[in-house]
Structures are given as C-alpha cells and as structure tokens.
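Structural overview for review
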Amino acid sequence: GLAACVAPWVSGVIATLQEVEFLDAEALNPFQSSLICEVKTWLKISEVHLMASALHPNYNSLWFLEESERSLRDSVMQRLRSEFNAISPSPRPPPQSSAGLSTDPGSSNSSGINSYLKRKRQELVRNGNIRKEPEGEFERYFSVVVNDDVEPLEWWKENRRFYPKMAHLARK
C-alpha cells in the first residue's frame, strides 16, 4: 500500500527540487539547498519503506534510487533474499504471463514527481538496467516491468501463482 510509495515519492521530491531553476538563482539557491536538506532530514527513507517498495510491482527493482544509494538497495535485496530463502520451497511455477507487463512504460505529459519517476524508469528500461535474464523466482520477480497504472493488489492476485514465495512476502 502506501508504505511502498513513500521511498519513490521522497526520491522524486528531492530530484524535482534539485531540478528547479530559479530566475533569481543567487537569492534562492541557498533556500533550495536548505529545503532539500530539510526534506532529506524529515522524510527519511527506511529499510521498511524500501522493502515495501521492492514488493510493489511498479517499484520492484528500486529503480528510483540514485547510484549513491546502491549499498542501501543491496542491503534491502539481501534481506529480502534471506526472507525469501526462509520460505519453504514451492513447485516450479508455470511460464511467465505477459499480462500487465510492458517494456515501454509509456510517456506522460504529467509534471513534477510522477514525471520524474516515469522519466527515470524509462531511462533505466532503455539502458537495460532493469531487465536482466531471470534465473529463479526471486530474479524473475525483480526483472518484471509492469505498466504504470497497475494496481498492486490486483497484480499480486493475478501473478501469485508465478511468484508464490514473493507473494507470501508481499502479504506479510
């Protein structure tokens, strides 16, 4: 639910604030820097937020994180992998359905945070940084790119048979 959206939105707010250019840059750049610092201080992205985001089909690869946050991403993925491995094995799932999947998230004329998040995601898809050759259920889930308008609960309902252990984690 909502927890899954916190991390991408905070990242989007910070990136949007950093992209703003003021007419009177000399007067407003210190304000902009101060505001970005306050946002980073007050809107801390926790590991719990990132785990929730990783289990949300739109944000599963944590693509919204900056390169400087790679260690945080790796830590979250390691924790998810550990919890995933603790779940008892399930039978081999059927081949992946293409329902709700897309390699082209589409373009949007929206502005602000949503625009930033869509642009960043499109760039990562174009550069091949999201899609990887999936090896197992864990890897297959994190290589999935879904349409922007997918509802996570519906998506999990339709795809739980393809990702039974990940669906178990998402229900926690």
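Everything that follows concerns the structure shown earlier in this document.
The following refers to the structure shown. Just so you know, the residues in each chain are numbered from 1, in the order the chain's sequence is written. In view of the model being predicted, local features appear only for residues whose pLDDT reaches at least 70, and side-chain atom pairs are presented and counted only at 80 or more, with totals across whole chains, interfaces and linings using the full set of residues. For side-chain calculations, the full set of non-hydrogen atoms in the structure is used, while hydrogens and water are omitted.

1. Looking at the overall build of the protein chain
Keep this limit in mind: Secondary structure elements follow DSSP: runs of H or I of four or more residues count as helices, runs of E of two or more count as strands, with numbering from the N terminus. Whether two residues are in contact is decided by their heavy atoms, any of which lying within 4.5 Å being enough. For the area figures, the Shrake-Rupley method with a 1.4 Å probe applies, and any residue is considered shielded solely by the protein chains shown.
In terms of regular secondary structure, the protein chain is built from eight helices and zero strands. Shown N-terminal to C-terminal, the secondary structure of the protein chain runs as helices and strands in the order α-α-α-α-α-α-α-α. Within the protein chain, residue pairs in contact and separated by at least 24 positions form 71% of the contacts whose partners lie at least 6 positions apart. Total accessible area computed for the protein chain in this model is approximately 10,200 Å², and 53% of it derives from carbon and sulfur atoms.

2. A closer look at the environment of Gly 136
Rule in force here: Note on classification: 1.4 Å probe, protein chains only; a residue is buried when its accessible area is under 20% of the maximum for its type, exposed when over 50%, partly exposed between these limits.
Within the element layout of this structure, Gly 136 appears in the loop between α5 (112–126) and α6 (137–143). When its relative accessible area of 15% is taken as the criterion, Gly 136 is described as buried. The spatial distance from the C-alpha of Gly 136 to the C-alpha of Tyr 163 is 9.6 Å, given a sequence separation of 27 residues.

3. Brief notes about the pattern of salt bridges
For side chains bearing opposite charge, pairing can occur when the charged atoms are close. For the record, the criterion: We define a salt bridge as a contact between a side-chain nitrogen of Lys or Arg and a carboxyl oxygen of Asp or Glu at a distance within 4 Å.
If you walk through the whole model with that rule in mind, you get six salt bridges. Residue Arg 79 pairs with Glu 83 through a salt bridge whose shortest N-O separation is 3.5 Å. Separated by four residues within a single helix, Arg 79 and Glu 83 lie in helix α4 (residues 70–86), roughly one turn from each other. Using a relative accessible area of 21% as the deciding quantity, one classes Glu 83 as partly exposed. Here Glu 83 ties to Lys 172 by a salt bridge, and the two come within 3.6 Å at their closest N and O atoms. With Glu 83 in helix α4 and Lys 172 in the segment after α8 (164–171), the pair connects residues that are 89 residues apart, well separated along the chain. Shared partners join several salt bridges into a network, and the residues in it are Glu 47, Arg 79, Glu 83 and Lys 172.

4. What to know about the environment of Arg 140
What counts, and what does not: Think of a polar contact as two N or O atoms within 3.5 Å of one another; within protein, one of them needs to be a possible hydrogen donor and the other a possible acceptor, and neighboring residues in sequence only count if both atoms come from side chains.
As for its position among the elements, Arg 140 is in helix α6. When its relative accessible area of 15% is taken as the criterion, Arg 140 is described as buried. Arg 140 sits 22 residues away from Phe 162 along the chain, and the two C-alpha atoms are 9.2 Å apart. Reaching out from Arg 140, the side chain makes a polar contact with the backbone oxygen of Phe 162 at a distance of 2.8 Å.

These results come straight from atomic positions and should not be treated as a statement about function.
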